[in-house]
Amino acid sequence: MGFNFKYTDLQAAVGLAQLEAFEHRCKLAVARDQWYFDALEQCPEITLPDYKSEKGEIRQWTDILFNNRDAVKNALDDNNMGSRAFWHPLNKQVPYADQKKEFSQSNLISRKGLWLPSSFAITEQDVADVVEVINKTIFK
């Protein structure tokens with residue numbers, strides 16, 4: 001069981017060309033996560049990962065846990081702000097399903113998790129706009 005994630009020659013060529021932007025993109029991702037963290041860390045309805053404890057880790061997306069994820073996702077969608085609910089946990093995937101075990105933490109995180117808008121081009125103002133929609137939704 002598994003997936004074939006080998007690169008094609010074309011994907012490898014694109015990947016090599018993208019290395020020129022790698023350092024810049026890493027800096028933007030760190031800044032993006034800090035903007036979200038600064039704006040949302042005091043909100044009791046939200047759980048943020050500890051972005052500072054993982055030395056050298058750069059996240060592809062800004063991930064966050066909401067008590068009412070679906071309402072926040074719908075509000076972001078209504079404002080054309082792309083977000084994505086966390087994937088289903090592995091124990092819910094057909095090849096790995098195990099009905100004898102509960103995996104309560106994986107299931108809980110999957111239900112609460114949302115990836116916020118996280119493009120390479122996101123600005124601090126874009127993050128402020130996303131946070132405004134989140135706050136309006138949470139504190140209705």
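A quick note: this is a predicted structure, and the numbers were derived from the prediction, not measured.

*Asks:* Go over unusual backbone geometry with me, naming the residues and quoting the values.
*Replies:* Even without a glycine there, the phi angle at N80 is positive, about 55 degrees. Looking at the secondary structure, you find N80 in the loop between helix 3 (69-78) and strand 3 (84-85). According to the relative accessible area criterion, N80 is exposed, its value standing at 74%.

*Asks:* Tell me about helix 2 (residues 22-40), and please be specific about residues and values.
*Replies:* What sets the pattern is the α-helix's 3.6 residues per turn: residues three or four places apart point alike. Given a rise of 1.5 Å per residue, 19 residues ought to cover 27 Å, and the 27 Å separating the end C-alpha atoms of helix 2 matches this to within 8%. Every buried residue of helix 2 is accounted for by C26, A29, R32, D33, Y36, F37 and L40. Mapping the buried residues of helix 2 onto a view down its axis gives an arc of 130 degrees, with all of them on the same face. In helix 2, those exposed residues whose orientation departs by more than 90 degrees from the buried face are E23, H24 and K27. If you follow the buried residues of helix 2, they end up packed against strand 1 (46-47), strand 2 (62-66), strand 4 (113-116) and helix 5 (124-138).

*Asks:* A description of the sheet that holds strand 1 should follow, citing residues and the corresponding values.
*Replies:* Read from one edge of the open sheet, four strands run 1-2-4-3, paired in antiparallel fashion. On the outer flanks of this sheet lie strand 1 and strand 3, each paired with one strand and no other. Looking at chain direction, strand 1 and strand 2 are connected through two bridges and run antiparallel. Within strand 2, the position partnered with I46 by the bridge is F66. In the packing of helix 2 onto the sheet, contacts are made with strand 1, strand 2 and strand 4, and the angle to strand 2 comes to roughly 25 degrees. Helix 4 (residues 104-112) rests against strand 2 and strand 4 of the sheet, and its axis sits at about 45 degrees to strand 4.

What counts and what doesn't
- Residues numbered from 1 in each chain as written.
- Predicted model: local features only at pLDDT ≥ 70, side-chain atom pairs only at ≥ 80, totals over all residues.
- Heavy atoms only, no water.
- Helix = DSSP H or I, 4+ residues; strand = E, 2+ residues; numbered from the N terminus.
- Buried < 20%, exposed > 50% of the residue type's maximum accessible area, 1.4 Å probe, protein only.
- Expected span 1.5 Å × (residues − 1).
- Arc of directions from axis to C-beta.
- Contact = heavy atoms within 4.5 Å.
- Pairing = 2+ DSSP bridges.
- Axes fitted to C-alpha atoms, helices over the stretch in contact; angles between N-to-C directions.

Geometric descriptors of this kind do not, in isolation, establish any biological role.
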